[in-house]
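A structural walkthrough
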Amino acid sequence: MFQNVGVVGAGQMGSGIAQVFAAKGVPVVLVDAKDEFVARGRKTIEGSLARIVKKGALTQDDADKTLARVTGSTRYEDFAACDLVVEAITENEPVKRECFAQLDAVTGPTAILASNTSSISITTLGAVTKRPKLVIGMHFMNPVPVMQLVEVIRGQETSDETTAKVLSAVEFLGKTPAEARDFPGFVSNRVLMPMINEAVYCLMEGVAARDAIDTVMKLGMNHPMGPLALADLIGLDTCLSILNVLHDGFGDPKYRPCPLLKRMVAAGLLGRKSGRGFYDYSSGTPK
Ligand code: NAD
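Here's what I pulled together on the structure shown here. Per-chain numbering applies: the sequence of each chain, read as written, is numbered from 1 onward. Only residues with pLDDT of at least 70 are given local features in this predicted model, and only at 80 or more are side-chain atom pairs given and counted; all residues enter the totals for whole chains, interfaces and linings. Processing note: side-chain calculations cover all non-hydrogen atoms of the structure and skip hydrogens and water entirely.

**Considering the pairing of strand E8 (residues 176–181)**
In this structure, strand E7 (residues 149–154) lies alongside E8, joined through six bridges in parallel fashion. For isoleucine 153, the partnering residue across the bridge sits in E8 and is alanine 180. Seen with the strands pointing away from the viewer, any crossover whose path from the first strand over the helix to the second strand runs clockwise is right-handed. Strands are runs of DSSP state E lasting at least 2 residues, helices are runs of H or I lasting at least 4, and numbering of each runs from the N terminus. Running through helix H6 (residues 160–172), the crossover from E7 to the neighbouring parallel element E8 is right-handed. Being paired, for any two strands, means DSSP has found at least two bridges between them.

Listed below in structure tokens is the structure:
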């Protein structure tokens, strides 16, 4: 198993990924661009652990030890001793390419570099490094401490050995891997995003009101949450980025992002993380 894990990006996904490794006893370096983002990531982990303690599934002592295993930083150089770094920064290809070039420069030559990308090509990220055999997709689901699945994506050059190590790391975390090949959106978002996008079209065209759309999918299709609430959880900016990758990658108009989704992102209505999306989260409970 990996001895030292790095996570870059301390947002909702990166903080969750850091938490699940630390909970299994692995020291984690968590890096973000600014101290305040690192601090916010640690707060997210603290809050998540507190909820598990409240449920009686973890002692306060174990929660404290888990948090103590996460070292925050703003310096990529602090990944030098890591044998696995998971990238979980914003879903933007040029920004991720730059990040992988930096990770390649600061980590040892045998370290595996994984991306938590929802849709961007693993092959493209591998190609900016000198170690494409060691670059792989490790796509955790949101919220990371709760969700069972990790989609594992091999790039064109990813080796069997890298894949085997990452599959066993997923099992070590108590999660279930599913392998996918490197196509835009892989499996999860190629199937999920058109559904979310269609729900936004239904809202925009007045087919039904927000609550009716979510109720149809919850009670009619037995989904645990409606597509508009799920879009808020994922982040509307992330949904839009993924749809753009699908649209550009396949050149198929069926993936065109709904104008209402674009307008909401332009207005800064990003869902839970900004306090408002299809629902309003400013009072704590969605309205
Ligand atoms: P987020 O906006 O919550 O967090 C992104 C973090 O990355 C921010 O804290 C930002 O400051 C940081 N960041 C940006 N550029 C950076 C850089 N160059 N170096 C260091 N830090 C940088 O986003 P998120 O929802 O956590 O998504 C992160 C990744 O995970 C994306 O690729 C997304 O597609 C993927 N993902 C998201 C979900 C979801 O439901 N939100 C699910 C699975 C995968």
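**Comments concerning the pairing of strand E2 (residues 28–31)**
Exposed residues in this analysis have more than 50% of their type's maximum accessible area, buried residues have under 20%, and partly exposed residues fall in between, with area computed by a 1.4 Å probe over protein chains only. Alternating residues of E2 divide into Val28 and Leu30 and Val29 and Val31, and every residue in both groups is buried. As defined by bridge partners, strand E1 (residues 5–8) adjoins E2 across four bridges and the pair is classed as parallel. The residue bridging valine 5 from the neighbouring strand is valine 28, located in E2. In the classification by handedness, the crossover that spans E1, the intervening helix H1 (residues 12–23) and the parallel E2 is right-handed. With four bridges connecting them, E2 and strand E3 (residues 70–73) associate as parallel partners. Looking across to E3, one finds that valine 28 is bridged to valine 70.

**Some remarks on unusual backbone geometry**
The omega angle of the peptide bond from asparagine 142 to proline 143 is -5 degrees, so this bond is cis rather than trans. Here the phi dihedral of phenylalanine 186 falls at roughly 55 degrees; this positive angle occurs in a residue that is not glycine. Exposure remark for phenylalanine 186: the relative accessible area of 4% places this residue in the buried category. Unusually for a residue other than glycine, asparagine 222 sits at a positive phi of about 65 degrees. Relative to the helices and strands, asparagine 222 is located in the loop between helix H8 (210–221) and helix H9 (227–234).

**With respect to the pattern of salt bridges**
Only one rule defines a salt bridge in this text: a Lys or Arg side-chain nitrogen within 4 Å of an Asp or Glu carboxyl oxygen. A complete count under the given rule lists eleven salt bridges for this structure. The salt bridge partner of aspartate 78 is arginine 75, with a shortest N-O separation of 3.4 Å. Given a relative accessible area of 33%, aspartate 78 falls into the partly exposed group. Under the relative-accessibility criterion, arginine 75 is labelled partly exposed at 46%. Glutamate 93 is the salt-bridge partner of arginine 97, the closest N and O atoms lying 2.6 Å from each other. Highlighted residues: arginine 97 and glutamate 93, both in helix H4 (residues 93–106), separated by four residues, approximately one helical turn. Here the salt bridges do not stand alone but share partners, grouping Glu87, Glu91 and Lys96 into one network.

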